Each structure stands twice: as structure tokens, then as C-alpha cells.
Amino acid sequence: MNKVVKGAALASASLILGSIVVPTATQAATYKTINWTETAQLGTMDQAKSSAAVDFDAMQAIGDGLYRNDKNSTPQLALAESVEKSDDGLTYTFKLRPNLKWSNGDALTANDFVYGWQRTNNPKTASTYAYLFSGIKGADDIQSGKDKNLDDLGVKALDDTTLEVTLDKPMPQLESILTMAPFFPQNKAFVEKAGSKYGTTSKYTLSSGPFVMKGWNGSNNKYTLVKNKQYWDAKAVKTPKIVVQAIKDQNTGYNLYKAGSVDFTNLSPDQVTASKNSKAYKVIPSATTAYVEFNQKNYPVYQNLKIRQAMSYAIDRKTLANKILTGTATPATTFTAAKLAKDPNTGEDFAKSAAVPGAIAYDKTKAKQLMKEGLKETGKKKLAVQLLADDTDASKRMAQFIQAQWQKMDNVKVTIKVVPFKQRLALSEAKKFQVVIDRWGADYADPSSFLDLATTNSDFNYGSWSDQTYDDAVNAAKTTDVNDPNKRYEDYKTAEQQIEKQVGVAPLYYQSSATLMRPSVKNVVLNPVGSPYDWKWAYKK
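Just so it is clear, the model here is predicted, and its values are computed rather than measured.

Novice: Pulling in residues and values, what's your account of the domain arrangement of the chain?
Specialist: Considered domain by domain, the chain is made up of domain 1 (32-243 + 517-538) and domain 2 (284-511). The gap between the C-alpha centroids of domain 1 and domain 2 is 30 Å. With 24 residues of domain 1 in contact, the opposing surface of domain 2 contributes 25 residues. Taken over both partners, the interface formed by domain 1 and domain 2 buries close to 2,000 Å², and the fraction arising from carbon and sulfur atoms is 62%. Ranking the residues of domain 1 by area buried against domain 2 places Y131, P528 and V529 at the top, with a combined share of 23%. Run the count over domain 1 and domain 2 and you get three residue pairs in polar contact (both at pLDDT 80 or more). Of the residues that constitute the side of domain 1 that touches domain 2, the class distribution is 14 nonpolar, nine polar and one charged.

In C-alpha cells form, the structure reads like this:
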């Protein structure tokens, strides 16, 4: 029997999040501008090309998809009002809401989804997030260049308000990934007129979501979000304006908060100590893991397992989390973040059930011995490491701590290269680094959101680590075992344990953010997966 999911759940979610969805004129006048901060500059507003959380926050603000996460990070229908699923789980037919419009007044139709998805999968676009379409009919062949006909992608507009999505194989994570920006519609006329400038400034963005972007020139640290009157759910959007600025220095953000100039800021360790008793103090959990990645392609020394193990064992993660960072981080024992998903085989957090005891741990004696043996095996007398990190306060402190930890091993010398986030990401993607501190936040609540990253051919496998056992396990979870949740999670457990034992990356900590958020700011949705912040229902009195 076909299943139809109606949009009532989203409407009720809006009522809950907004408390009172339709404000009176008097109430509307009381809603003030929210002044928000991010820790890095925007990179791009082209939803086919971004891979950064700060970009996705802005894209979530000006965009909407077939689904949108509610306050519990549960996908609810958004631009679609209903969906019909075939019995075999391979065909989804979405009915869009009537009279949808872009912020410029153009009609928003099913064809905008077709164009957007085809553009993202087109190899010429070079989208790093196109891999998420794997499983949608034709996506893999189109991305690889094997099939050059974009019309073979499994997305069709049956009419202006009916979208049919066809899969090659079941996708348990489909509803969750459809909340993400790469799956948002794109306006063909607007994109093609903008050409290479699309998404590079606010002028070359177009909104399908709650807000319209203003004031971003592509390199400045500030942009403004104003309410999009054309948005289908504009009645749920209370705040008239949100000003977002990038502030890398936590002291600057803290001082601006104390002065009343901003309503939200991230805190340094010292600021946490001074702020813990404040009503504004908030710890925001995130399904995010920070880790060290080794460039095995361009620096063959890191192909040596003992050297990678030594560098992992040398890091005191407990001290890093509790002393160097804010005290809200948790030492990592897995690559996959904690609190992401439950293992159906055990009922436990997947990260807990998949952790190999002692694989990701602090053991300075073992670290020294493994480094000595690894250097001997590679024919080297010493190891000169350049550690690449972001230029934020937290990243710089972390890099300095790791530098000191590694240099406690004999014959290891570490230098630090600090660059802005945008440049660090570009260097990582181009594999122009030796060792890098990276972070990954889950896009959806499933182990594949992490474990897909480290397969041999993944665009996000910046270190070029390759392991057949790992690849086979991830592949089995996507193919032969995809319809069996228990077997599927066993496959992911095999992959997770392999990357731990082989130190494909060296996990550091699971991230939470210590922040100050002004108590007068209400209903910001804090997502542990996907875009960290959703301001659709937010307001300030």
C-alpha cells in the first residue's frame, strides 16, 4: 500500500516553535533585531558548492527544501505538503504546496528542484556534497561522467507542483538528507544570468526560505537577514531582521556581548569560568568530531601505521577537552560522533557500541616506542611535522597543545601553520597540507554521515587513507544489507572499528559549544546535525 504523509506535522511544529504563529500588529512591533555571531566568514552561498557549517546556517535561513528539521531535528514536510511512497521504497512522489514563490516573485515549481539537483550532480559544478545523492537513480554515473545525460537523474517534474524522485536502492537516510541545502531548489533563470557570480554576494542569491540576505559583498564579515514576504510560511517568521557577523576572536565577541552589541557569542575557557552562573550561559551539543588527518598521498611517511598510532597515542584528550578548550568538549574514542544515532543491535549510542577499547587513547610510553619503531621502518631519523589549523582562538590553542604533546616524543619537531577557515578548507581540499586539524559535523542522524567520508574515493578523504576492509563494510551497508537495520549497523561498526585500529584519522574530541545567548532571544533551533542554527522561528523581545 502506498503511504501518504501530510503536512500537518509541520504546521503543528511551527505552532510549538513559534508559540503564537500569527502575531498581532502590536506584538510584531515588539520584535527586535537579533545580532548573532559566527566564528568564520561565509565562503559561498551556492548551495551546490559549500561544505561549511557557517554557509549552511545562512543557506538554511534563506532556503527551504522538501523537508525542514523541526525543533527536535526531526524532518517535517516543508515546500512539499505531502509525499507518496511506493511499496518497494524506490519511488517518492512529492506534491508541492500551492502558489510557492521565490523572493523575487517568480513561481517556485517542481522544475526548480529538477534543475537544482541536476546542476549539483553535474561534474562541471564540482560539488563536494554531490556524493549525498548516491542512491538516487543515475547519480553515481552522472557524477563520474559515465552518463552525460543529466535527464537520467531520478528526479522528474510531472507537472508544476508534482515531483517524482526515483532511487536505485533504498535510502534509509533520505528524509533527513532532503533537509540539506544541496537538495534545495534552484532558479534556473537566476542562476544562469548570474553565471560564475552566483552565490558570491548577497546580490547573487535568491531566497526560497524565511529570510532574504542583504549586505554581503563576498569578503566582508557581516550580512543581514530580512524577512522574506514571499515565503510560504511567512506567518511563522516573527523577527524582522537578523544581523550576523563573523568574529574569530572570542575576547572580541565576549566584550561585544557584555556591551549589548551582540546577542550571542562563543566563549573561551576563561570566559566559561566567568559565565557559568549566568542565565545567558548555554552549552550547545553537536554531533561533531574534531580529528587530525594525515596526508598520506603527498607525505608517504604517514602511510606507516606505527607513526600514525604514535601521534594518536601521544595526545592527552582529557586535558585537551577539559583544560585547553572550554570544558564542554568530550574526549573522543571514535570517529563517528557520540549522540548521533542508536545501534539497533545494542540499544546503545552507536559511538559507544563501536569503540575499540584502547584504540583511541593516551599512552605516552606506547607513543614514544611506536614512533621509534615507525621512524626505523621508514628509514628516517626524525619527523618534521607541519600542523595546519584555523586561525580561531580555540584552534590555535589546540594546535599549540598538540604541538607540545607530539614534541614530547623523541626526534619529532612540529611547526604550526595558521590560516583563516576558508583558506584551511581550500588547502585541505587541494591536499596542500601535511597534517591538519579538521572537524566534521553530521549532516543527518546516521553513521553514514561520518563513515562515508573516509572511503577511498570520497571527496572528503583529504588524507587519502585507503583500507579495503573499511570500504567493503561501508559498501555492504549501502547495498546488500541496506534493508536490514541490524546488519547495516554491524557493517558500520566494522568500518568504525577499522578506522580506529588503523588510525585513518586520529579523533580528538566530540564538540559542544559554550556560549552566551541573551535570554530575550527565543526559539532559535539548535541542531546537533545539519545546519547548527535555524532562525526561522526565532525572535527577540
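Novice: Describe the pattern of salt bridges, with residues and values.
Specialist: Enumeration according to the criterion identifies 16 salt bridges in this entry. Close ionic contact of E175 with K85 constitutes a salt bridge, the shortest N to O distance being 2.7 Å. With a gap of 90 residues between them, E175 in helix 6 (residues 174-177) and K85 in strand 5 (residues 80-85) connect regions that are remote in the sequence.

Novice: An account of the UniProt feature "domain: Solute-binding protein family" (unreviewed entry) in the chain is needed here, citing residue identities and associated values.
Specialist: The sites that carry the UniProt feature "domain: Solute-binding protein family" (unreviewed entry) are, in the present numbering, residues 75-460. Secondary structure content for residues 75-460 is 28% helix and 22% strand, and the end C-alpha separation is 25 Å.

Novice: Report on the environment of S448, specifying residues and quantitative values.
Specialist: Note that S448 resides in helix 16 (residues 448-451). Under the relative-accessibility criterion, S448 is labelled buried at 0%. Sequence spacing of S448 and L132 is 316 residues, and the spatial spacing of their C-alpha atoms is 10.0 Å. Engagement of the side chain of S448 in a polar contact is seen with the side chain of Y444, the distance being 2.9 Å.

Novice: An account of the packing of aromatic side chains is requested, with residue identities and associated values reported.
Specialist: Two aromatic rings, taken as a pair, are described by how far apart their centres are and by the angle between their planes. Scanning the entire structure with this criterion turns up 25 aromatic pairs. Here W465 and Y470 contribute two aromatic rings whose centre-to-centre distance is 5.1 Å and whose plane-to-plane angle is 75°, an arrangement assigned as edge-to-face. Owing to a relative accessible area of 4%, W465 belongs among the buried residues under this scheme. An aromatic cluster of at least three residues, connected via ring pairs, comprises F56, Y129, Y131, W440, F460 and Y462. In this structure, R97 packs its charged tip against the face of W232, placed 3.9 Å from the ring centre.

Novice: Give a detailed account of helix 13 (residues 364-378), specifying residues and quantitative values.
Specialist: Between its first and last C-alpha, helix 13 extends 21 Å over 15 residues, near the 21 Å set by a 1.5 Å rise per residue. The set of residues buried in helix 13 consists of A367, L370, M371, G374 and L375. Buried positions in helix 13, seen along its axis, are confined to an arc of 135° and lie on one side of it. Of the exposed residues in helix 13, the ones pointing more than 90 degrees away from its buried face are T365, K372 and K376. In this structure, the buried side of helix 13 is in contact with helix 10 (305-313), strand 15 (383-390) and strand 16 (412-419). Directly beyond the C-terminal end of helix 13, a positive phi value near 75° is found at G379.

Cut-offs and rules
- Residues numbered from 1 in each chain as written.
- Predicted model: local features only at pLDDT ≥ 70, side-chain atom pairs only at ≥ 80, totals over all residues.
- Heavy atoms only, no water.
- Domains from an automatic or database assignment.
- Contact = heavy atoms within 4.5 Å.
- Buried area = accessible area lost by both parts, 1.4 Å probe.
- Polar contact = N/O pair within 3.5 Å; in protein donor to acceptor, adjacent residues only side chain to side chain.
- Nonpolar A, V, L, I, M, F, W, Y, C, P; charged D, E, K, R; others polar.
- Salt bridge = Lys/Arg side-chain N within 4 Å of Asp/Glu carboxyl O.
- Helix = DSSP H or I, 4+ residues; strand = E, 2+ residues; numbered from the N terminus.
- UniProt positions renumbered as here; feature names shortened; annotations may be inferred.
- Buried < 20%, exposed > 50% of the residue type's maximum accessible area, 1.4 Å probe, protein only.
- Phe/Tyr/Trp six-rings, centres within 6.5 Å; stacked < 30°, edge-to-face > 60°.
- Lys NZ or Arg CZ within 6 Å of the ring centre and 35° of its normal.
- Expected span 1.5 Å × (residues − 1).
- Arc of directions from axis to C-beta.

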